[in-house]
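# Descriptive analysis of the structure
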Amino acid sequence: MIIGWLRRHPTFLSVLLCLFTSVVTIAAADIYFGRKADARDAANAPHRVTSHQEPKPTHPDPELGYVLRSNIVSRDVCMRGNEVIFDCRYTLDEFGRRYTPVENKEGRDSFIVFLGCSFTFGLSVNDDETFPACMGREAPGYMPYNYGTGGYGPQQAYLLIDRIDWEKEVPE
């Protein structure tokens, strides 16, 4: 009965055969390439780069996407296999900006505000190695404030300017 029906509807049989062949081909390719990828991953394991931040220095924000947390010290470790590429700490102050260590804070009668991306923030370097910290050492009359955040662009910097409570966060 089924065979008779299939003979009267050859198109259905062709579609069914194509579907079966496609499923078998995809399954075979998945097995083949999956095993090949597993072998490649095993061979490259000593060269794989991994990075881990604890605690995570950002949290979600509805307008900016994410912002830096306040009053935390975050550790960032990046490794290639067992080799440490960098191991640093990010200190974030009560205003959610990167702490910038400087000498003689009282003698600084002007300020510089740094806005930007991970270069400004100082991704993968300690607090005293950031661009704003270097600027603070080279310009002893200016107090640097680091509002840089990894991944930020000009749009976030523009929006962040309106969020800064200038009298409270950047005293003269």
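Refer to the preceding data block for the structure.
A brief report on the enclosed structure follows. The residue numbers shown here count from 1 along each chain, following its written sequence. Owing to the predicted nature of the model, reporting of local features is limited to residues with pLDDT of at least 70; listing and counting of side-chain atom pairs is limited to 80 or more, with chain, interface and lining totals taken over all residues. The side-chain values count all of the structure's non-hydrogen atoms but skip hydrogen atoms and water molecules.

## Remarks on the overall build of the protein chain
Of regular secondary structure, the protein chain possesses six helices and seven strands. The numbering of helices and of strands both runs from the N terminus, where a helix is a DSSP run of H or I of at least 4 residues and a strand a run of E of at least 2. Shown N-terminal to C-terminal, the secondary structure of the protein chain runs as helices and strands in the order α-α-β-β-β-β-β-β-α-α-β-α-α. Pairs at least 24 apart in sequence give 62% of the contacts found in the protein chain among residues at least 6 apart. For the accessible areas, the method is Shrake-Rupley and the probe is 1.4 Å, while residue cover comes only from the protein chains on display. A total of about 11,800 Å² of accessible surface is found on the protein chain, and carbon and sulfur atoms cover 59% of it. Contacts are assigned to residue pairs with any non-hydrogen atoms lying within 4.5 Å of each other.

## Some thoughts on the packing of aromatic side chains
The aromatic pairing rule takes the rings of Phe, Tyr and Trp, using the six-membered ring of Trp, and pairs them if the centres are within 6.5 Å, calling planes under 30 degrees apart stacked, those over 60 edge-to-face and the rest tilted. On inspection of all chains with the given rule, the structure shows four aromatic pairs. When the ring of Y66 is compared with that of Y152, the centres are 5.5 Å apart and the planes differ by 50°; the resulting orientation is tilted. Of this pair, Y66 sits in strand β3 (residues 65–68) while Y152 sits in the loop between β7 (142–146) and α5 (154–163); the two residues are 86 residues apart in sequence, bridging distant segments of the chain. Centroid distance Y90 to F121: 5.0 Å. Interplanar angle 70°. Geometry classified as edge-to-face. On the criterion of sequence distance, the pair formed by Y90 in strand β5 (residues 83–92) and F121 in helix α3 (residues 118–121) is long-range, its members being 31 residues apart. The burial state of Y90 is the same as that of F121; both residues are buried. The ring of F121 carries R98 above its face, with NZ or CZ at 4.7 Å from the centroid. For every residue, the accessible area obtained with a 1.4 Å probe (protein chains only) is divided by the maximum for its type, and the residue is called buried under 20%, exposed over 50%, and partly exposed between those limits. Only when the NZ of Lys or the CZ of Arg is both within 6 Å of the ring centre and within 35 degrees of the ring normal is a charge said to sit over the ring.

## Description of the nonpolar core
Formed by L64, V67, V102, M143, Y145, Y147, Y152, L160, I164 and V170, the largest nonpolar core amounts to 10 residues. Leave out the neighbours within four places in its chain, and V67 touches P57, T58, H59, D61, Y152 and R163. Judged by nonpolar contacts, the second largest core, of eight residues, contains I72, C78, Y90 and F121. Take the buried residues of types Ala, Val, Leu, Ile, Met, Phe, Trp, Tyr and Cys, join any two whose side-chain atoms come within 4.5 Å, and each joined set is a nonpolar core.

## Topic: the state of the cysteines
To count as a disulfide, a pair of cysteine sulfur atoms needs to be within 2.5 Å. Following the criterion strictly, the structure yields zero disulfides and no others. Between C88, a free cysteine, and C78, which holds the nearest cysteine sulfur, the sulfur-to-sulfur gap is 9.5 Å.

## Thoughts on the side chain of T149
As for its placement among the helices and strands, T149 is situated in the loop between β7 and α5. Not counting chain neighbours up to four residues away, the residues in contact with T149 comprise Y66, L68, G116, C117, S118 and F121.

## A look at the pattern of salt bridges
A pair is scored as a salt bridge if a Lys or Arg side-chain nitrogen falls within 4 Å of a carboxyl oxygen belonging to Asp or Glu. Following the criterion strictly, the structure yields five salt bridges and no others. With a shortest N-O distance of 2.5 Å, D87 and R75 are connected by a salt bridge. With D87 in strand β5 and R75 in strand β4 (residues 72–80), the pair connects residues that are 12 residues apart, well separated along the chain. Judged by its relative accessible area of 36%, R75 falls in the partly exposed class. For the salt bridge of D127 with R98, the shortest nitrogen-to-oxygen distance reads 2.7 Å.

## A word on a nonpolar patch on the surface
Surface patches are defined over residues having more than 30% relative accessible area and no salt bridge, joining like charges when they lie within 9 Å and nonpolar side chains (Val, Leu, Ile, Met, Phe, Trp, Tyr) when within 5 Å. On the surface, a nonpolar cluster with roughly 240 Å² of combined accessible area is contributed by F111, I161 and W166. Tracing the backbone shows I161 in helix α5. With relative accessibility at 36%, the residue I161 sits in the partly exposed group.

## Re the sheet that holds β4
Two orientations exist for strands paired in a sheet by backbone hydrogen bonds: parallel and antiparallel. Whether two strands pair comes down to DSSP finding at least two bridges between them. Here three strands make up an open sheet; going across it, the order is β1-β4-β5 and the pairing antiparallel. The sheet is open, and its two borders are formed by β1 (49–54) and β5, each paired with just one other strand. When the angles between neighbouring strand axes are averaged without regard to direction, this sheet yields 10°. The pairing of β1 with β4 spans six bridges and is antiparallel. Each residue of the ladder has a partner; that of Q53, found in β4, is D76. Geometry is summarised by axes, namely lines fitted to C-alpha atoms with helices restricted to the contacting stretch, and by angles between N-to-C directions that run from 0 to 180 degrees.

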